[in-house]
Amino acid sequence: MDTLPIAGLSTERDPATVAKLRHALIKYGAFRLWAPELKQAVAGGLLREARGFFQLPNEIKERTIGYSGFGMELIRGTTPVPKEGINFFRKNDHRDGFIPPPAELFRSVIAIHDVGPSVNLPKISNARTQFCEHQTWKHSQDQLFDLVFHDVLESDIPLTGTPALDYETVGIQYYNPQRMITRCGDYAPPHMDGGTLTILIREDDDSDGLEVADLESTEELGSDGVGREADFLRVSAASNEVVVMVGTRLQRMMGRTKARACVHRVVGPGQKHSTEDRVSVGIFRACVPHPPPPA
Ligand SMILES: O=C(O)CCC(=O)C(=O)O
Ligand SMILES: [Fe+2]
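Residues numbered from 1 in each chain as written. Chains lettered and ligands numbered in written order. Predicted model: local features only at pLDDT ≥ 70, side-chain atom pairs only at ≥ 80, totals over all residues.

Draft legend 1. Just the overall build of the protein, in detail. Of regular secondary structure, the protein possesses nine helices and 14 strands. Split into buried and exposed, the 295 residues of the protein put 39% on the buried side. Considering only intrachain contacts with a sequence separation of at least 6, the fraction spanning at least 24 residues in the protein is 77%. (Helix = DSSP H or I, 4+ residues; strand = E, 2+ residues; numbered from the N terminus. Buried ≥ 20, exposed ≤ 12 C-beta atoms within 10 Å, placed from the backbone. Contact = placed C-beta atoms within 7 Å.)

Draft legend 2. Representation of the sheet that holds strand β14 (residues 278-285) within the structure. The strand order across the open sheet formed by eight strands is β1-β2-β12-β9-β14-β7-β6-β3, and the pairing between neighbours is mixed. Only two strands of the sheet have a single neighbouring strand rather than two, namely β1 (6-7) and β3 (67-68). Direction of pairing for strand β2 (residues 30-34) relative to strand β12 (residues 241-246): antiparallel, over a ladder of five bridges. Each bridged residue has a counterpart across the sheet, and for Arg32 the counterpart in β12 is Val243. Docked against the sheet, helix α1 (residues 15-27) engages β1, β2 and β12, running at close to 135° with respect to β2. Lying over the sheet, helix α2 (residues 36-54) contacts β2, β6 (84-88), β7 (168-175), β9 (197-202), β12 and β14, oriented at roughly 120° with respect to β14. (Pairing = 2+ DSSP bridges. Axes fitted to C-alpha atoms, helices over the stretch in contact; angles between N-to-C directions.)

Draft legend 3. How the structure looks around the pairing of β12. Most of β12 is tucked away, with six of its six residues classed as buried. The two faces of β12 match: Glu241, Val243 and Met245 on one face and Val242, Val244 and Val246 on the other face are all buried. Of the strand pairs in this sheet, β9 and β12 are connected by four bridges, and their pairing is antiparallel. Bridged to Leu197 within β12 is Val246.

Draft legend 4. Layout of the site of ligand 1. Looking at ligand 1, the residues that line it are Gly171, Gln173, Ala188, Asp193, Leu200, Arg202, Leu210, His264, Val266, Ser280 and Gly282. Breaking the shell around ligand 1 down by element, the ones donating at least two residues are β7, β9, β13 (264-266) and β14. Split into classes, the residues belonging to the shell around ligand 1 amount to four nonpolar, five polar and two charged. (Near = placed C-beta within 6 Å. Nonpolar A, V, L, I, M, F, W, Y, C, P; charged D, E, K, R; others polar.)

Draft legend 5. Highlighting the packing of α2 against helix α4 (residues 103-113). Two numbers describe how α2 lies on α4: the axes approach to 9 Å, and their chain directions differ by 160°. On the basis of their axis angle, the class for α2 and α4 is roughly antiparallel. Between α2 and α4 the crossing geometry is left-handed. Facing Leu38, Ala41, Val42, Gly45, Leu46, Glu49, Ala50 and Phe53 of α2, the residues of α4 in contact are Glu104, Leu105, Ser108, Val109, Ala111 and Ile112. Class assignment of the residues belonging to the contact of α2 with α4 gives a composition of 10 nonpolar, two polar and two charged. (Parallel < 35°, antiparallel > 145°, perpendicular 65-115°, else oblique. Left-handed = near helix turned anticlockwise from the far one by under 90°.)

Draft legend 6. A look at α1. Across its 13 residues, α1 extends 18 Å between first and last C-alpha, which sits within 8% of the 18 Å expected from 1.5 Å per residue. Those residues of α1 that fall on the buried side of the exposure criterion are Leu21, Ala24 and Leu25. All buried residues of α1 fall inside an arc of 100° around its axis, so they share one side. Turned more than 90 degrees away from the buried face of α1, the exposed residues are Pro15, Ala16 and Ala19. Positive phi appears at Gly29, one or two residues downstream of α1, with a value of about 65°. (Expected span 1.5 Å × (residues − 1). Arc of directions from axis to C-beta.)

Draft legend 7. Main features of the environment of Ala41. Structurally, Ala41 is set in helix α2. Residue Ala41 is classed as buried on the basis of its C-beta count, with 21 C-beta atoms lying within 10 Å. Sequence-wise, Ala41 and Ser108 are 67 residues apart; in three dimensions their C-alpha atoms are separated by 8.0 Å. In contact with Ala41, not counting residues within four places along its chain, are Leu46, Ala111 and Ile112.

Draft legend 8. Fine view of the confidence of the model for the protein. Of the residues in the protein, 88% have a pLDDT of 70 or more, and the chain-wide mean is 85. Within the model, the stretch residues 115-134 combines pLDDT values under 50 with 21 contacts to residues more than four positions away or in other chains. In the model output, the complex is listed with pTM 0.90 alongside ipTM 0.99. (pLDDT = per-residue confidence, 0-100.)

Right under this line is the structure:
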């Protein structure tokens, strides 16, 4: 396997695809998802609004709810990441004197995320054949969970239906090569995300630096050791596709024999991105903040 397998949400899945996905969840903790509507929603507004936000003066950004400044985010509690970011729907981000993000940016985030109630959605088993381009992420998300938990993991552990498990945040990452002190460093060191699943949406690009570790190429389990020893696979950002990654919480729930947390990194900026900035959007599912959201 030298690329991640791809899955769609709307079609019936054949056993060969399910078998490939099952293997990918152990080898890489990741797969590609065909999600044209999500990619289009990001391309059609969110990226522009995000770039606009990150151009604002620091005094404004630093007072914005959910913002983390350049190098402020730490990986494994120690390693600063040379990026800026803004997170939405994180319960702990509201602080006195802080201002909400620009309305247009917030609207674009809502447009991809749609936090509306899921009670009106058709039942998941019928939904596969009814998928249409107007349905929101909220709907696709139910189908994604059906695919991962029902078809691939064959799990009956409940992974939705409680406030803690349904908790979801959106994070926008902004990488600006002009701010890198040395060009040799990487944008993001090898790490695992903390939730159940991360859906990562990037601008189309053959090599924007994202790589995932081949977890079968090393005995190491922690992201630091894996990062030093494993072979990494480049994951290009193809059109109409997003990447789905397993987080540490799902690994704990399922056990390592079924799903391993994806160890991923962003190398570069490198030659190609030495002047261009890079924006990525993550939907972080059940990445529960401390304390957990109220029931
Ligand atoms: O920017 C990327 O492609 C990856 C971002 C990431 O790994 C994260 O925010 O956890
Ligand atoms: Fe990550």
